[in-house]
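# Tertiary structure, described
Single-letter residue listing:
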Amino acid sequence: MSRSLFFIALLFITLISSCTNHEQEKQLDEVTALIHSRDSLEKLYHENQFDSLNYWRLEASNIEITIKLNYVSNTVDKELSTKMNRFKSMQEIIDAESELGGEGEYEEEEKEMTLGRRMMLLNSGFKKEKISLENLQSDLENKLLDPKKSNIYIQSERMKVKQMENQLTQYLFVKNTELKEYIKLCKELRVFADSISKKS
């Protein structure tokens, strides 16, 4: 009888251990998938990184100064006025707050963020998430966490990766739409600014 109980207990322990190992393997697979997702997002970001913010900010300032110093007209040029108003309203894309570097979280809505701030948050986010996922992967491999806590941590990291995906989507939208329009306006106004500068 005692031998039967021993084998039943052994079988029970074996089953529990097998289930635990299966759960840990599943969790490791999930973390590995999150690491791949993070790496793919970062690769896409680097392929679309914009490194000319300072140039276009200085260019915008020079254009505005040149036009103010040299433009004289007795009549209102509606086309130029519309273009200048649009130009000024879009300057938040690369305004003084878009300096890169530094840390910190911002409470502004996504639509109010400058392109430089979006880049700063993505750069910071990718670095932090890389460390966080590698630490979680190491803890799971060394069986330092119980399954329930592991699931909570994995869910948290999943949400962070999703947030980074959303931030990257917003960044790409601004870069490929608003920034393109802004640069086109800058180039058109640069031609105009140069033309009136030569006349004066």
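All of the points below concern the structure found in this document. Since the model is a prediction, treat every value here as computed from it, not as a measurement. (Residues numbered from 1 in each chain as written. Predicted model: local features only at pLDDT ≥ 70, side-chain atom pairs only at ≥ 80, totals over all residues. Heavy atoms only, no water.)

## Some thoughts on the overall build of the chain
What the chain contains, in helices and strands, is 6 helices and 0 strands. Listing the helices and strands of the chain from first to last along the sequence gives α-α-α-α-α-α. Buried positions account for 33% of the 200 residues belonging to the chain. (Helix = DSSP H or I, 4+ residues; strand = E, 2+ residues; numbered from the N terminus. Buried < 20%, exposed > 50% of the residue type's maximum accessible area, 1.4 Å probe, protein only.)

## Notes on the packing of helix H4 (residues 115-141) against helix H5 (residues 147-176)
At a minimum axis separation of 10 Å, H4 and H5 run at an interaxial angle of 155°. Taken together, the axes of H4 and H5 are roughly antiparallel relative to one another. The two elements H4 and H5 cross, and the hand of that crossing is left-handed. (Axes fitted to C-alpha atoms, helices over the stretch in contact; angles between N-to-C directions. Parallel < 35°, antiparallel > 145°, perpendicular 65-115°, else oblique. Left-handed = near helix turned anticlockwise from the far one by under 90°.)

## A short note on the pattern of salt bridges
Across all of its chains, the model carries 12 salt bridges by this definition. The partner of Lys184 in a salt bridge is Glu188, with the nearest N and O atoms 2.7 Å apart. With a gap of 4 residues between them, Lys184 and Glu188 both fall in helix H6 (residues 178-199), about one helical turn apart. Using a relative accessible area of 30% as the deciding quantity, one classes Glu188 as partly exposed. (Salt bridge = Lys/Arg side-chain N within 4 Å of Asp/Glu carboxyl O.)

## Thoughts on the side chain of Arg38
Position of Arg38 among the secondary structure elements: in helix H1 (residues 2-47). Contacts of Arg38, omitting those with residues within four sequence positions, involve Phe126, Lys127, Glu129, Lys130, Leu133 and Met164. (Contact = heavy atoms within 4.5 Å.)

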